[in-house]
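# Residue-level structure breakdown
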Amino acid sequence: MTDPSTRAAARVIAVVPARGGSEGVPGKNLRRVGGVSLVGRAVGSARAAALIDTVYVSTDDAAIAREARATGAQVIDRPSGLATSIASSEAALLHALDSLAADPEILVFLQATSPFIDPDDLDAAIARVDSGECDVVFSARPSHAFLWRDGDAGATGVNHDQTYRLRRQDAEPQFQESGGFYVMRVDGFRDAGFRFFGRIGIAVVADLTAVEIDSLDDLELARSLAPIVEGIEPIDVDAVVTDFDGVHTDDRVHVGADGREWVTASRSDGMGVGLLRAAGIRLLIISTETNPVVAARAAKLGVESRQGVHDKRTVLALWAAEQGLSLDRIAYLGNDVNDLGCLDLVGWPIAVADAHPAVIAASRVVLSRSGGHGAVRELADRVLIAAPDQPTLPSAPIQEESWSQSAHIR
């Protein structure tokens, strides 16, 4: 690793303090929201801001350091004494500044515990500090909450007169820190030793994005909000790899008295696969099962398949190498815990709507449709949005019909 003190100074830097320990949520900074780690999301927001020159992650943890570098940040090794639960963020920020060859003019302090930091909000806040309008700008959400303090003599109002209920529309809003970011002039920060000094401005952020993760409940809330906050994102990949049962099927099997079994698949999914093939997207089905039904469906779709696979991750890695594909440019669609290795390997880990909770937590995208009910088609449509040679899509929706295949159990 290059020593940060040997690098040329940047005018505006971002620092993401991310220690390895966490009492409320173990391993919090590496937990995933929308398939991306919290530290990776903070780094991504900072790198997407036009006015930030360099992004650093200050950490004592080797795994966080690897993740930071993988997502495009430079790493500052934080001493263990500054990585305890009682160490202040200011101490970590001052250590980061002292690690550089020269001070920048503006410091952007981002917290990985806020997963929905908008790069445009960062740029607007930086511009206010850079122009001299403010010395510090921090993110906050407007609040009309009535706060109370519970004491020995009973509850009393904190920010309101408890004898009179002011209507919301008549009350001046107060502001609650979102915890997402703090932009400050470095000289003032060094003099004050604290993040608030001089003229302080508020960057109002949307309520929906003002989530701060301090508990497992907060983490689950953020995961649920991610598809709403971030909308429908095109999936720009060169290949799509899927599981079979629970992805191309609804994960049920009909077994006859003679031991034969039937599964049902969606013709809508079949159309999606055909459109992907027409666009030049490479495809592979990997199944743990050894069953003619998998081969029959794959042959009908014109897709290569691998069956009886117990180590899907290794098979996927070898196939990608054979095809000359970058793993970052592959989408993997799964539904159960035996897909976790593949999901961890690719750039686009994706889950069907009814996937196992561990699969949903590991996925960058959670589809709105379940396995066997158009999930593959939904993925295909999002891949085709980004495909350079997108085939013409049908003008009318394709009705889902069933496809069944019987096979002897082996």
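Look above for the structure.
Residues numbered from 1 in each chain as written. Predicted model: local features only at pLDDT ≥ 70, side-chain atom pairs only at ≥ 80, totals over all residues. Heavy atoms only, no water.

The next point concerns helix α9 (residues 312–323). Between its first and last C-alpha, α9 extends 16 Å over twelve residues, near the 16 Å set by a 1.5 Å rise per residue. For α9, the complete set of buried residues consists of Lys-312, Val-315, Leu-316, Trp-319 and Ala-320. Each buried residue of α9 sits inside an arc of 130° when the element is viewed along its axis, so together they form one side. In α9, the exposed residues that point more than 90 degrees away from the buried face are Leu-318, Ala-321 and Glu-322. Structurally, α9 contributes buried residues whose contacts are with β12 (239–242), β15 (282–286), β16 (304–306), β17 (330–334) and α10 (340–345). Two residues or fewer after α9 comes Gly-324, characterised by a positive phi angle close to 70°. (Helix = DSSP H or I, 4+ residues; strand = E, 2+ residues; numbered from the N terminus. Expected span 1.5 Å × (residues − 1). Buried < 20%, exposed > 50% of the residue type's maximum accessible area, 1.4 Å probe, protein only. Arc of directions from axis to C-beta. Contact = heavy atoms within 4.5 Å.)

Here we come to the nonpolar core. Membership of the largest hydrophobic core comes to 51 residues, with the highest contact counts inside it found for Val-240, Leu-316 and Ile-350. At six residues, helix α12 (residues 375–386) tops the list of elements feeding residues into this core. If sequence neighbours within four positions are ignored, Val-240 has contacts with Leu-276, Ile-281, Arg-282, Leu-283, Leu-284, Ala-331, Leu-379 and Val-383. Judged by nonpolar contacts, the second largest core, of 43 residues, contains Val-55, Ala-73, Val-129 and Ala-226. (Core = buried A, V, L, I, M, F, W, Y, C linked by side-chain atoms within 4.5 Å.)

This part takes up the pairing of strand β1 (residues 12–17). Along β1, six of the six residues are buried, which leaves the element largely enclosed by surrounding structure. Alternating positions in β1 separate into two faces, Val-12, Ala-14 and Val-16 on one and Ile-13, Val-15 and Pro-17 on the other, with burial throughout. Judged from the four bridges that link them, β1 and strand β6 (residues 106–110) form a sheet pairing that is parallel. The partner of Val-12 across the bridge, within β6, is Ile-106. (Pairing = 2+ DSSP bridges.)

What follows is about the sheet that holds strand β4 (residues 54–59). Taken together, seven strands build an open sheet; the order of strands is β5-β4-β1-β6-β10-β7-β11 and the sheet is mixed. The open sheet has two free edges, formed respectively by β5 (74–77) and β11 (200–204), since each of these has just one partner strand. Averaged over all pairs of adjacent strands, the angle between their axes in this sheet comes to 30°, without regard to strand direction. Both strand β7 (residues 136–143) and β11 contribute to a ladder of five bridges, which runs parallel. Residue pairing across strands places Val-137 opposite Gly-201, the latter belonging to β11. Across the sheet, helix α1 (residues 38–48) lies against β1, β4 and β6, angled at about 155° from β4, the strand it touches most. The sheet contacts of helix α4 (residues 119–130) involve β1, β6, β7, β10 (174–185) and β11, and relative to β10 the element is tilted by about 65°. (Axes fitted to C-alpha atoms, helices over the stretch in contact; angles between N-to-C directions.)

The subject of this paragraph is empty space enclosed by the protein. Under the defined criterion, the tally for this structure stands at three cavities of 30 Å³ or more. In this structure, the largest cavity occupies an estimated 90 Å³ of space. Every residue lining the largest cavity is counted, 14 residues in all, and those nearest its centre are Phe-116, Ile-117, Ser-178, Gly-180 and Thr-209. When residues in the lining of the largest cavity are grouped by element, the largest group, three residues, is from β10. (1 Å grid on protein atoms, 1.4 Å probe; cavity = no way out; pocket = protein on both sides within 12 Å on 5 of 7 lines; lining within 4 Å. Points joined across faces, edges and corners; volume = space filled by probe spheres on them.)

Counted by the stated rule, this structure contains five aromatic pairs. Here Phe-138 and Tyr-182 contribute two aromatic rings whose centre-to-centre distance is 6.4 Å and whose plane-to-plane angle is 20°, an arrangement assigned as stacked. Of this pair, Phe-138 sits in strand β7 while Tyr-182 sits in strand β10, and the two are 44 residues apart along the sequence. Exposure class is identical for Phe-138 and Tyr-182. Each is buried. Relative to Phe-196, the ring of Tyr-182 has its centre 5.9 Å away and its plane inclined at 70°; by these criteria the two rings are edge-to-face. Pair noted here: Tyr-182 is in strand β10 and Phe-196 is in the loop between α5 (186–192) and β11, with a separation of 14 residues, a long-range link. Here a set of aromatic residues connected by ring pairs shows up, and it is made of Phe-109, Phe-138, Tyr-182, Phe-194 and Phe-196. One cation-aromatic arrangement involves Arg-165 over Phe-146; the distance from NZ or CZ to the ring centre is 3.9 Å. Positioned over the ring face of Trp-348 is Arg-364, at 3.5 Å from the centre of the ring. (Phe/Tyr/Trp six-rings, centres within 6.5 Å; stacked < 30°, edge-to-face > 60°. Lys NZ or Arg CZ within 6 Å of the ring centre and 35° of its normal.)

Another aspect to go through is the sheet that holds β12. Pairing within the open sheet is parallel, and its six strands lie in the order β16-β15-β12-β17-β18-β19. In this open sheet, the two strands that pair with only one neighbour each are β16 and β19 (365–366). Of the pairings in the sheet, the one linking β15 to β16 comprises three bridges and is parallel in character. Within the sheet, the bridge partner assigned to Leu-284 lies in β16 and is Glu-304. In the packing of α9 onto the sheet, the strands contacted are β12, β15, β16 and β17, and the crossing angle to β15 comes to about 160°.

Taken by themselves, the reported measurements are silent on function.
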